[in-house]
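# Structure at a glance
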Amino acid sequence: MDKNLTEDSSSPPPPRPKWRKVAYGGMQTGYDDNYTDETFLDEMVMNANVVRRDLLKVMKDSISISQYLSIVALVVLVWFHTLQSSLDENSLLLLDLSLLALGFLVLLLTEEKMLSLTLLLRYLTNITFFTTGLYILAPVYQTLTRSISSDSIWAVTVSLLMLHLFLHDYSGTTIRAPGALKSPSLTSCISVNASVVASVFVASRLNSRGHVFGVMLFSLQVFLFAPLVSYCIKKFSFGLHLVFSFGLLGLTLYAVYVVHRLLFVLFLVVVVVVNVVCPYWLIRMQEFKFEINGPWDEAKLCFDITD
Amino acid sequence: MNRQCRIWLPKLLSSSDDSTTHNSLLFGWFVSHHSSSCLDVVVAFITDETSLSGSSLQEVLNETNEKMPLSLRNKAAFTLLGRYDTCLGANGNALKNVTDEDLYSKVESNDGLLEDLRKDSVSSYWIHMVNDSSSEHGIRMHHIHWNGDIVSQCDVHVIVYETPVFGSHHFSLSFWNASPQIKAPLKKPNWVGDLHKRQPLIEMETVILSMNCAASAELTYKKLSTYLETSSRKFSVSYLMSTCVWWLLATLISSLSSLYYSLIKLFNVLSSFSIFSWVRIASRRLLKNTWINFRIRSCQILYWPIFLQENDTRSISCVEDAEKAARHRHSTWSAMAVDLVLGNMIGLALMSNTGDVCSWLFHFTKEFTNDILRSGCVWLMGVPAGFKLNTELAGVLGMVSLNVIQIWSTLWIFIASFIFYLIKAIAVMGITFGATVSAAFVIDVITFATLHITALHWAITLVYSHQIQALAALWRLFRGRKMNPLRQRLDSYGYTVKQHVVGSLLFTPLLLLLPTTSVFYIFFTITSTTINSICMFIEFAISIIHATPYAEIMIWLVRRRRFPSGVWFEIENYRKNIHNSSSDPLMVSNLRSNFLSIGQILLPHYTTMFSGISASSLTTSARGVLSGNRMPSKLGLDLPPPRPWMHLPLRQYWILCHGSIISSSEKGSNHDLSHRSGQTS
């Protein structure tokens, strides 16, 4: 090359063949290994997987999150009242039974597949086993944390609930109705575990066996089956879902207000943030989203082919 | 390159200055090396000009060679080495400053016979040495026939050694007591083994072996060539007296030994009856250690005369091998004798102080049960060391332990009256059968007496280990993993929600009850380990008593020279081209030997004892304590292996004992005689 520049000889370099984009054939003479021609970026696709959202839809979807937050707040309130001995055993047990019946009713009404007798019987046996197991374990739970100080218990409970809220599956439900396709992911299982352990810790602070049994039953019912119920309602009719959510929200706000003003303000702020501020923020940030996909991406294996 | 030659001369030859022998013949071995310019000449002995010649000489040489050990025969053959001339001047005195012309004239004049011998000799070397007063030691090599060449100029190194004699000294190159350790933790590639298999350049081992066989070679040659009988025993009064004493001693010992043997046979016969078979089975399970040691003792009683009567040391030509055989012969009876002496000491001490021992034992057990066990359990049920335990669970565990301890101590109150007779039984066993059997019996009694602690420890280990395993499995459940025992790894696994719920419901109580269980577990592990370590210490002492080589120690104390461990050369003089230009460089040195220390003798025996244990097994068992595995209750030290039992009739056994003692005393006296005769000649 230098020779060509310094000399004035007029022998041009031999013309190199046109570069072809092929996967085989080895090195093409005259071109580097990582040569790209001008058609390289033609197949670029931008923002292929981005979902177009509008504000109202996002706000409507975030109602589920605040609904679940209010359910968890209600559970904490019941714990609080039981620890303060405002709720006694019988009313607890009544609460449990009524919730169970209500939940069953909702499931029966909203799901068509629930009407078969065998399914009902299976549910019934499961629930019987579950209740018997809890009744047997209640004395063990009662004295479990006597030697641990209360502060540690509250700290552990709060952190476990935080973990539960972070890892919770807000779009679907962990306990599926029979016949569901996908199995629950690991994070949703871990969130269920965290909630169960938190309820065990709280229950171990109570005085009598009946209290322990009632609180455990209540917490487990709500944590395990409330997502399923709300998922069924949402699938059945969106309007019903909205009504249900607003009702729960109002109930929770009132109950928290009765107990503690500051917590009420905090809860309100959280609800507003989740429902209004976060969707707006999301929509604002969407403008900056810029995804690039192209033929240079790694191939992804596609497992569920539905033909 | 100049050829090099080492000549190994026995001391008697180099220091003899009377010139009665001239024109003598040298016998010994030529040891050639891989490099062809190096030769070792080991001179065994020197004789006058022999009447044998030709084929008869060759026959005698072959027969002598047959008596040598196989490893020596493979490397070098016993042969006629050459000739040794003393130069006499005309007046019959040894000349100083002999010149070569005189020498050559001497050489030519009188040895048609020697030249014939040289030509007949099978080996390709022939050496001609002269007695030359001009050199310091009077020995000089004149010339050497080396594979057909006559070489007079070569580097000569004369090494003077004292002929090894059995019972006095011998030479050895290596640390011969080291048995090859069978531990190969890492697999080595093949070429490493090939490295070690390389032939050494210098065949020192063959040279040392030939030196060790020199004395027996001389004896054999002289016996074969001159048909002399071995010197007849001198019949003297002292000899007769010693023979009588030995005979009496042999009778006494063999009678005692036959008594033991008949006892053991009676025992065997009794226990083979079907009535007593359940007794035998039960005692074998309960008194395991005692059975093992008793079996070892009975094998020792049977086999000691057989070992003592083993090889005839006269037939072993290499002194080193003879020494090893002698050590092996005396091993069994010396071990048994020391053990019996120890047992008698301990047994007599126990017999005279039985009452004191009894009361001390009672006091100790009461203190142990009350102050350590019972109060320990009560302490654990409260708030031990500031740990706040779960009161219910601690209460349950504590009450169970206290009840078990109470039951056991109630049972032992009944047995308390028999303790006195038990101690007397231990003493009697020590006196009759030796210290090891009674110590093993003590181990078994301790194990039986602390059975309640062992049972409690086993139960709490069960609970603790299952709790730990369940916690580990539940933790894996929370992570979504499952243990794959085939591949020994964790795989991801999708558990159902029900399994998750039940798992988390169970996880909390297991985790929060763990401190309580682990506190009890630690307490019982400490107690049980203390008792086990006492038993292990006694087991260690038993193994030490079995493994120590008493015969070797006694021999080492008396005569250290019988334990060589290496050679070194003490240089006397070195002359190089000083007077004449024709004289060759000559170096004369003495062969000296290093000796073993007592630690080097004892160490291989003790390391074989510990061959079953390794450091990794200790760390494994220590780690196992944390996860709830049981600690081993025995060290697992090696004991001498029990040999197969032979059924000899009693009379034959008595004759065997008697004969072995008499023959070993004869060997001892014979070697004394030969040793004395070797020194004076």
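It should be emphasised that the depicted structure is a prediction, and the values quoted were computed from it without experimental measurement.

### Observations regarding the overall build of chain A
Looking only at helices and strands, one finds nine helices and two strands in chain A. Mapped from its N terminus to its C terminus, chain A presents α and β elements in the order α-β-α-α-α-α-α-α-α-α-β. Its C-alpha radius of gyration of 30 Å places chain A more than 25% over the 19 Å reference for a compact globule of 307 residues. Across its three principal directions, the C-alpha atoms of chain A cover 105 × 50 × 45 Å.

### Let's talk about the pattern of salt bridges
All names here are of chain B. The final tally for this structure, using the stated rule, is twelve salt bridges over all chains. Across the salt bridge formed by E218 and K222, the nearest N and O atoms sit 2.9 Å from each other. One end of the pair is E218 and the other is K222, both in helix α8 (residues 214–226) and four residues apart, which spans about a single turn. Among the residues examined, K222 registers a relative accessible area of 36% and is labelled partly exposed. One salt bridge connects R297 with D339, and the closest N-O pair in it is separated by 2.4 Å. Of this pair, R297 sits in helix α11 (residues 288–308) while D339 sits in helix α13 (residues 331–352), placing them 42 residues apart in sequence.

### Thoughts on the pairing of strand β10 (residues 489–492) of chain B
Along any regular strand the residues' side chains alternate between the sheet's two faces. Residue and element names in this part refer to chain B. Sheet analysis places strand β9 (residues 481–484) next to β10, joined by four bridges and oriented antiparallel. Bridged to M483 within β10 is L490. Hairpin connection between β9 and β10: a loop of four residues separates the two successive antiparallel strands, and Q488 in this loop has a positive phi of roughly 55°.

### Looking at empty space enclosed by the protein
Residues and elements named next belong to chain A. Counted under the stated rule, the structure contains four cavities of 30 Å³ or more. Space inside the largest cavity adds up to approximately 130 Å³. What lines the largest cavity is a set of 13 residues, among which S64, Q67, Y170, G172 and S230 lie closest to the centre. Every element with two or more residues in the lining of the largest cavity is listed here: α2 (55–83) and α7 (209–236). Ranked by residue count, the leading element in the lining of the largest cavity is α7, at four residues.

### So, the confidence of the model for chain B
Residues and elements named next belong to chain B. For chain B, mean pLDDT is 81; residues scoring 70 or higher make up 83% of the total. The weakest mean pLDDT in chain B belongs to helix α4 (residues 100–109) at 47; the strongest belongs to helix α18 (residues 451–479) at 93. Contacts for the low-pLDDT stretch residues 89–110, under 50 throughout, to residues beyond four places or in other chains number 21 contacts. Scoring the predicted complex yields pTM 0.80 and, for the interface, ipTM 0.81.

### Side note on the environment of R176(A)
Residue and element names in this part refer to chain A. The residue R176 is located in the loop between α5 (150–167) and α6 (186–203) in this model. In this structure R176 comes out as partly exposed when scored by relative accessible area, which is 27%. Along the backbone, R176 and P227 are 51 residues apart, and their C-alpha atoms lie at a distance of 9.3 Å.

Analysis parameters
Residues numbered from 1 in each chain as written. Chains lettered and ligands numbered in written order. Predicted model: local features only at pLDDT ≥ 70, side-chain atom pairs only at ≥ 80, totals over all residues. Heavy atoms only, no water. Helix = DSSP H or I, 4+ residues; strand = E, 2+ residues; numbered from the N terminus. Rg over C-alpha atoms; globule rule 2.2 N^0.38 Å. Salt bridge = Lys/Arg side-chain N within 4 Å of Asp/Glu carboxyl O. Buried < 20%, exposed > 50% of the residue type's maximum accessible area, 1.4 Å probe, protein only. Pairing = 2+ DSSP bridges. 1 Å grid on protein atoms, 1.4 Å probe; cavity = no way out; pocket = protein on both sides within 12 Å on 5 of 7 lines; lining within 4 Å. Points joined across faces, edges and corners; volume = space filled by probe spheres on them. pLDDT = per-residue confidence, 0-100. Contact = heavy atoms within 4.5 Å.

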